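A structural walkthrough
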Amino acid sequence: MNRRDKHNYYLDIAETVLERGTCLRRNYGSIIVKHDEIISTGYTGAPRGRKNCIDINECIRDKMKVPRGTHYELCRSVHSEANAIISASRKDMIGATLYLVGRDAKTKALVEDANSCAMCKRLIINSGIEEVVIRVSKDDFKVIKVSNWIENDDSLGNTIGY
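Residues numbered from 1 in each chain as written. Predicted model: local features only at pLDDT ≥ 70, side-chain atom pairs only at ≥ 80, totals over all residues. Heavy atoms only, no water.

**Focus on the nonpolar core**
Membership of the largest hydrophobic core comes to 18 residues, with the highest contact counts inside it found for I32, L98, I124, I129 and V132. Of all elements in the fold, only β1 (26-34), α4 (80-86), β3 (97-104), β4 (131-137) and α7 (146-151) reach the threshold of two or more residues within this core. Not counting residues up to four positions away in its chain, the partners in contact with I124 are E81, I85, L98, S116, I129, V132, V146 and W149. Ranked by size, the runner-up nonpolar core spans ten residues in total, among them L18, I31, V33 and V133. (Core = buried A, V, L, I, M, F, W, Y, C linked by side-chain atoms within 4.5 Å. Buried < 20%, exposed > 50% of the residue type's maximum accessible area, 1.4 Å probe, protein only. Helix = DSSP H or I, 4+ residues; strand = E, 2+ residues; numbered from the N terminus. Contact = heavy atoms within 4.5 Å.)

What follows is the structure in structure tokens.
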């Protein structure tokens, strides 16, 4: 019997979380884990009480042909990482790992080169999360040390995310 490794186990859970996403472009799922305990989860969706893109059947960024990785301020959604972070206590996130999976809403394919946007990177740094694990394929992932984002300040502004 082959037992699923921990990183892919948590990435599988994050991939299930993304299915609650309401974005018409890309949906992401995030979970924050510390000491093998899930602290919180988050998915891409409009702020509480606001209509989601799937409810109004419109994505302003698609309508305006905004390229991936730019002009997030136009988007109705809150990113999955931000939703997971605001649902957790900072003391619980210090030293934790955030698992992130992205899927294209139209094709259902995994998002290539998935990564947190510059704003989410800042939130992750301030939350105390130590590493981010991103799904590359069903059985492959990459681990990013958050300290690299701090040391390489340039990575905070030049990022392709959602």
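Don't stop here, the text continues.
**Side note on helix α1 (residues 6-17)**
Between its first and last C-alpha, α1 extends 17 Å over twelve residues, near the 16 Å set by a 1.5 Å rise per residue. Residues of α1 that are buried in the fold lie against β1, β2 (37-43), β3, β4 and β5 (140-145). The opening residue of α1, the one whose side-chain oxygen lies 3.2 Å from the backbone nitrogen of H7, is D5. (Expected span 1.5 Å × (residues − 1). Polar contact = N/O pair within 3.5 Å; in protein donor to acceptor, adjacent residues only side chain to side chain.)

**Topic: helix α6 (residues 118-127)**
Listing the buried residues of α6 in full gives A118, C120, K121, I124 and S127. In the core, the buried residues of α6 are packed alongside α4, α5 (90-93), β3, β4 and α7.

**A look at the pattern of salt bridges**
The tally for this structure, following the rule as stated, stands at 13 salt bridges. For R4, the salt bridge identified is with D139, shortest N-O distance 2.5 Å. Within this pair, whereas R4 is found in the segment before α1, its partner D139 is found in the loop between β4 and β5, the two being separated by 135 residues in sequence. The partly exposed category is assigned to R4, whose relative accessible area is 32%. A relative accessible area of 53% places D139 in the exposed class. Linking R25 and D62 is a salt bridge whose minimum nitrogen-to-oxygen distance equals 3.4 Å. Of the two residues, R25 sits in the loop between α1 and β1 while D62 sits in helix α3 (residues 60-63), which places them 37 residues apart along the sequence. (Salt bridge = Lys/Arg side-chain N within 4 Å of Asp/Glu carboxyl O.)

Limitation: the analysis is restricted to geometry and does not speak to function.
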